[in-house]
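Okay, here's what each chain looks like letter by letter:
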Amino acid sequence: MGSKVVVSVYLIICLCSAIFVPRGVALISNPQANPGLFPPGLVPVDLVKCWSSLFNVQGCVLAVSNSFLSGKCENVEAACCKVFSTLDANCWPQMFPLNPFFPPLLKDNCARIVPNSPAHN
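By convention here, each chain's residues receive numbers from 1 onward along its written sequence. Where totals are concerned, whole chains, interfaces and linings use all residues; where local detail is concerned, this predicted model gives features only for residues with pLDDT of at least 70, and gives and counts side-chain atom pairs only at 80 or more. Note that the side-chain values use all heavy atoms of the structure and ignore hydrogens as well as water.

A.B. asks: Mind laying out the overall build of the chain, listing which residues take part and the relevant values?
C.D. replies: The secondary structure listing takes helices from DSSP runs of H or I that are at least 4 residues long and strands from runs of E that are at least 2 residues long, numbered from the N terminus. Within the chain, the secondary structure is distributed over six helices and zero strands. Ordered by position in the sequence, the α and β elements of the chain form the string α-α-α-α-α-α. Buried residues in the chain amount to 26% of all 121 residues. Considering only contacts in the chain between residues 6 or more positions apart, those separated by 24 or more positions represent 52%. A 1.4 Å probe and the Shrake-Rupley method give the accessible areas. Residues count as covered only by the protein chains that appear here. Total accessible area computed for the chain in this model is approximately 8,900 Å², and 64% of it derives from carbon and sulfur atoms. With a 1.4 Å probe rolled over the protein chains alone, any residue whose accessible area is under 20% of its type maximum counts as buried; one over 50% counts as exposed, and the rest are partly exposed. Only heavy atoms enter the contact rule, under which two residues are in contact if any of them lie within 4.5 Å.

A.B. asks: How would you explain the packing of aromatic side chains if you had to name every residue and give the values?
C.D. replies: A pair of aromatic rings is counted whenever rings of Phe, Tyr or Trp (Trp by its six-membered ring) have centres within 6.5 Å, and the orientation is called stacked for planes under 30 degrees apart, edge-to-face for over 60 and tilted otherwise. Overall, the coordinates contain six aromatic pairs when judged by the stated rule. A centroid spacing of 5.8 Å and a plane angle of 5° characterise the contact between Phe84 and Trp92, whose relative ring orientation is stacked. Of the two residues, Phe84 and Trp92, both sit in the buried class. Put simply, the rings of Trp51, Phe68, Phe84, Trp92, Phe96 and Phe102 touch in pairs and so form one group of aromatic residues.

A.B. asks: Which residues make up helix H6 (residues 102–113), and what values go with them?
C.D. replies: To estimate the expected span of a helix, count its residues, drop one, and scale the result by 1.5 Å. A rise of 1.5 Å per residue sets the reference length of H6, with its twelve residues, at 16 Å; its end C-alpha atoms lie 17 Å apart and thus fit the reference within 8%. Buried within H6 are the following residues: Phe102, Pro103, Pro104, Leu106, Lys107, Asn109, Cys110 and Ala111. Buried positions along H6 lie against helix H3 (60–70), helix H4 (78–85) and helix H5 (92–95).

A.B. asks: Please give an account of the nonpolar core that cites residues and values.
C.D. replies: The tendency in soluble globular proteins is for nonpolar side chains to be buried side by side. For our purposes a nonpolar core is just a set of buried Ala, Val, Leu, Ile, Met, Phe, Trp, Tyr and Cys residues, chained together by side-chain atoms within 4.5 Å. Core analysis: the largest hydrophobic core is formed by 23 residues, its most contacted members being Leu54, Val64, Val76, Phe84, Met95, Phe96 and Leu106. Contributions of two or more residues to this core are made by helix H2 (47–55), H3, H4, H5 and H6.

A.B. asks: Can you explain the state of the cysteines? Please cite residues and give values.
C.D. replies: When two cysteine sulfur atoms are found within 2.5 Å, that pair is recorded as a disulfide. Under the counting rule described, the total for this entry stands at three disulfides. Shown here is the disulfide that connects Cys50 with Cys91, its sulfur atoms set 2.0 Å apart. Because the sign of the S-S torsion sets the handedness, a value of about -75° for the bond joining Cys50 and Cys91 places this disulfide among the left-handed ones. Here Cys50 is found in helix H2, whereas its partner Cys91 is found in the loop between H4 and H5, with 41 residues between them in sequence.

Shown next as structure tokens:
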């Protein structure tokens, strides 16, 4: 009988805390608005900004995705290479978290396709 009372009290406490805590308290819509939340340099990268430049070039996202999955960068066109070479280096680990070696590989390949684009150092 004692364990049923303890379980019942625990469930009542959990239910009351779930009811009385306002919705959305844990959500933070803009981490930059809370400057003390993240240490300098560790502010999360906005993936929409990272991918948006690639979406602006027709077929670029598909070409980069196919290159990522196949490991072959030959099918990426010059327009896509120009955009990819201008991406911020902080975007790469967020865009390709499973393969950190892919962005430098693609950037080096793009340096051959577009002569003025910087190679990975």
